[in-house]
Every structure is written in structure tokens, then in C-alpha cells.
Protein chains: 2
Amino acid sequence: MDAFEYIGFAAAILTTAAFLPQVFKTWKTKDVSGLSLPMLVMFFVGVALWLVYALFIDSPSMIAANAITLGSAFLLIYFKLSYN
Amino acid sequence: MDAFEYIGFAAAILTTAAFLPQVFKTWKTKDVSGLSLPMLVMFFVGVALWLVYALFIDSPSMIAANAITLGSAFLLIYFKLSYN
């Protein structure tokens, strides 16, 4: 593994971990009033494109980070549609 | 420019655009109660590491996206500390 992949994985852990409390909070409180569906969909598509990009450049840390974040964004969209 | 950089820039536009309304809303309402400082700092450091990673792999779209998001995260930290 390239040395800078360690930087990528540290980045992946920090940015995905910062996002998870939002998913957990929304799941627990079922409060989706502050979440905008168009914004969530935009974010979801953006992360999906980053994942495609990461596969193109073959970056393990980016693939991991964007796969997890894509799952989180999907859950938020699901919550938004279910709890509304 | 490599063809997949277009995918990267599309991803960059979508994910940074999805983040900007939060910055604008916080600036306008001065309501920082829902923002967690440790989480913001974690996110800021994570994005800074992505930026370092992007410079290493020389990815124009990632450099652009993470530079803008780093600025947004910095503003949110500044708002959190100022308006608290």
C-alpha cells in the first residue's frame, strides 16, 4: 500500500465518523424536519460519483470512505421518506 | 485532463453544494445549538487530510472539493465559537 493511503484512511475515518452521529440521531429521534430531500439526493448522487471516481483512480481509502458515506446517505433518504 | 476528472468535478459540485446551505443557514440564523464542536473539528481535520491526500495523488477535482469544504468547515467552527 502506498504511504499516502494511510493519510487517506485517517481522512476516511474522520470524515465518515463525523457523519454517523447524524444518521444515528435521525434514526433515534425520527426527526427529519431539518433534512432537505433535494439536498440529500444531491449529496447521495455526489457521493456515488466520488465512488465511481475512486474506482477509476483505484484509491482504496476513497472507495471505503465513499461506500460507507453512500450507505449513510441512503439511510437518511430512507428515514426522510419513511418518517415524513 | 483525464476523462474521469469530469466525474470528479461533477461529484465535487454536488457534494460541496449540498454542504453550503448549512453554512448559509447557520450564518443567517446564528443558531449553532445543533452543531457539535468536537464533530466539526473532527470533520475539519478529516477534510484537511483528504486535501493532503488529493495533493499527493494530484487530483484536481478532489483538491477543489476539499479546499472549498475545508473553508466551509472552518466557517462553521468560527460560527460555533462566535455565536455560542
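The model shown is predicted, which means the values in this text are computed figures rather than measured ones.

**As for the UniProt feature "transmembrane region" (unreviewed entry) in chain A**
Those places that UniProt annotates as "transmembrane region" (unreviewed entry) correspond, in this numbering, to residues 6–24, 36–56 and 62–81 of chain A. With 95% helix and 0% strand, the stretch residues 36–56 of chain A has end C-alpha atoms that lie 30 Å from each other.

**Some remarks on helix α2 (residues 37–57) of chain B**
With 21 residues, α2(B) should cover 30 Å at 1.5 Å per step; its first-to-last C-alpha distance of 30 Å lies within 8% of that length. Taken together, the buried positions of α2(B) are occupied by B:Leu40, B:Phe43, B:Gly46, B:Val47, B:Trp50, B:Leu51, B:Tyr53 and B:Ala54. Viewed end-on, α2(B) has its buried residues packed into an arc of 165°, placing them on one side of the element. Those residues of α2(B) that are exposed and aimed more than 90 degrees away from the buried face are B:Pro38, B:Leu55 and B:Phe56. Each element contacted by the buried residues of α2(B) is listed here: α1 (4–29) and α3 (60–83) of chain A together with α1 (4–29) and α3 (60–83) of chain B. The backbone nitrogen of B:Met39 has a side-chain oxygen 3.2 Å away, supplied by the residue at the start of α2(B), namely B:Ser36. Note on α2(B): the residue one or two positions beyond its end, B:Asp58, has a positive phi of about 60°.

Cut-off values and rules
- Think of each chain on its own: its residues are numbered from 1, step by step along the sequence as written.
- Each chain is given a letter, starting from A, and each ligand a number, starting from 1, according to the order in which they appear as written.
- Owing to the predicted nature of the model, reporting of local features is limited to residues with pLDDT of at least 70; listing and counting of side-chain atom pairs is limited to 80 or more, with chain, interface and lining totals taken over all residues.
- Heavy atoms throughout the structure, all of them, feed into the side-chain values; hydrogens and water do not.
- UniProt positions are given in the numbering used here, feature names are shortened, and annotations may be inferred rather than shown by experiment.
- Elements are defined by DSSP. Helices are runs of H or I of four residues or more, strands are runs of E of two residues or more, and each kind is numbered from the N terminus.
- A helix's residues, less one, multiplied by 1.5 Å, set its expected span.
- Exposed residues in this analysis have more than 50% of their type's maximum accessible area, buried residues have under 20%, and partly exposed residues fall in between, with area computed by a 1.4 Å probe over protein chains only.
- Note: the arc covers the axis-to-C-beta directions of the helix.
- We call two residues in contact whenever any of their non-hydrogen atoms come within 4.5 Å of each other.
- Nitrogen and oxygen atoms within 3.5 Å of one another constitute a polar contact, given that in protein one can donate a hydrogen and the other can accept it, and given that sequence-neighbouring residues count only through two side-chain atoms.

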